[in-house]
Amino acid sequence: MERNVARRPARDAEANQAAPAPVYPFAAESTAVPILDMRPAQRGLGGPMTQLRWDQVRLRKASWAFTTRRVPQGAACRILPPEGRPQAGDLVIARIDAIGQHDGLQLVNGRRRHLFVGDEIVVAYGHRYASNQFESEVPETMGPCHLVAGGGIASRALSWHVRMAKGPTAITPVGLLGDANGRRVNLRDFALAPVSPPLDYRPTPIAVVGTSMDAGKTQTCVHLVRGLVAGGLQVGYAKITGTGAGGDYWWLRDAGADPVLDFTDVGLPSTYLLGLE
């Protein structure tokens, strides 16, 4: 007993010593984790709040749609006045006025962003014909129009399927995007350059076609890709018609296709009303 009593103060002293704070190895590094930033780079944002600087800040705060994914950060650095007639592929910053069928926007990194009235988004002007959704055309003016595709298409809705009970999401263009020289930024400015394949390169093409929207074309492609990749083959995928959106792109990437391309890679927001040339 005496031995136990004698040792108790020592044990109590040890217990009363301040325990070292737990060390979490990730705590100090959490603030250094790089964040994927799909907005234009911060260039020339120091100094007084000039119009150019305000444009750049505004563009950084806006949400950039999937259709803009080939536009490098910083290529668009100013907002042009909402004047003139927009062209298919022109990039525009627009404000959400009323939420309709499209209450979200597919971003460059694949995430779907929820939209709220007053949000500003960067999308591309384009035509659209989707039998189960909207028929639309690029408007003749920079006045109010619609967001007719979740991938980021600004257009004037002409008609829509009865299932689109909410109608199109209403937007008001703030201005076209311009480069450092004040020239309009268009998707075609960043199209992939044509490449001549080697003479001995002879891939086997497989075309999947369907009668209309939602016929199962993409799902068929996904399962073809999965099977061919499982068989040890390298499989690429190219979507050659439709409206710019990320759903099919990311689905085929997940299935194992590499590369995955669509018409936005050659500077087209959509293929509706596209000329044969």
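Just above sits the structure.
Quick notes on the rules
- Residues numbered from 1 in each chain as written.
- Predicted model: local features only at pLDDT ≥ 70, side-chain atom pairs only at ≥ 80, totals over all residues.
- Heavy atoms only, no water.
- Core = buried A, V, L, I, M, F, W, Y, C linked by side-chain atoms within 4.5 Å.
- Buried < 20%, exposed > 50% of the residue type's maximum accessible area, 1.4 Å probe, protein only.
- Helix = DSSP H or I, 4+ residues; strand = E, 2+ residues; numbered from the N terminus.
- Contact = heavy atoms within 4.5 Å.
- Polar contact = N/O pair within 3.5 Å; in protein donor to acceptor, adjacent residues only side chain to side chain.
- Axes fitted to C-alpha atoms, helices over the stretch in contact; angles between N-to-C directions.
- Parallel < 35°, antiparallel > 145°, perpendicular 65-115°, else oblique.
- Left-handed = near helix turned anticlockwise from the far one by under 90°.
- Nonpolar A, V, L, I, M, F, W, Y, C, P; charged D, E, K, R; others polar.

J.: Honestly, the nonpolar core in this entry has me stumped. Any pointers?
T.: Considering soluble globular proteins, one finds that nonpolar side chains tend to be buried as a cluster. If you look at the biggest cluster of nonpolar residues, it comprises 18 residues, and the most contacted ones within it are L105, V123 and Y125. Elements that contribute at least two residues to this core include exactly β3 (91–98), β6 (120–125), β9 (145–149) and β11 (169–178). Apart from residues lying up to four places away in sequence, L105 is in contact with S63, A65, R111, R112, R113, L115, I121, V123, L147, G150 and G152.

J.: Can you help me understand the side chain of T169 in this one?
T.: You can see T169 is positioned in strand β11. Within the structure, the side chain of T169 is placed 2.6 Å from the backbone oxygen of H102, a separation counted as a polar contact.

J.: I would appreciate a short explanation of the packing of helix α3 (residues 217–230) against helix α4 (residues 246–255) in the present structure.
T.: The description of two helices packed together rests on the angle between their axes and the distance between the axes. Between α3 and α4, whose axes approach to 9 Å, the crossing angle comes to 20 degrees. The pairing of α3 with α4 is recorded here as roughly parallel in orientation. Where α3 crosses over α4, the two elements pack in a sense that is right-handed. Contacts between α3 and α4 involve T218, Q219, C221, V222, V225 and R226 from the former and D248, W251, L252, D254 and A255 from the latter. Split by residue class, the contact of α3 with α4 holds 6 nonpolar, 2 polar and 3 charged.

J.: Would you explain α4 in this entry?
T.: Every α-helix carries 3.6 residues per turn, so stepping three or four residues along brings you back to the same face. Listed as buried for α4 are G246, D248, Y249, L252 and A255. In the core, the buried residues of α4 are packed alongside β4 (104–106), α3, β12 (237–239) and β13 (260–262). Residue G256 follows α4 closely and has a positive phi angle near 115 degrees.

J.: Teacher, can you tell me more about the environment of E137 here?
T.: Within the element layout of this structure, E137 appears in strand β8 (residues 134–137). Among the residues examined, E137 registers a relative accessible area of 28% and is labelled partly exposed. Those residues within four positions of E137 in sequence are excluded, and the remaining contacts are G126, H127, S155, R156, L158 and L273.

J.: For this particular structure, what's the right way to read unusual backbone geometry?
T.: Across the chain, the bulk of peptide bonds are trans and the bulk of non-glycine residues have phi less than zero. A cis amide bond links D258 to the next residue, P259, at an omega of 10 degrees. Within the fold, P259 resides in the loop between α4 and β13. Despite not being glycine, D214 has its phi angle at roughly 65 degrees, a positive value. Structurally, the position occupied by D214 is in the loop between β11 and α3. Look at D214 and you get exposed, because its relative accessible area is 61%. Phi at L273 takes a positive value of approximately 65 degrees, unusual for a residue other than glycine. Residue position: L273 is located in the segment after β13.

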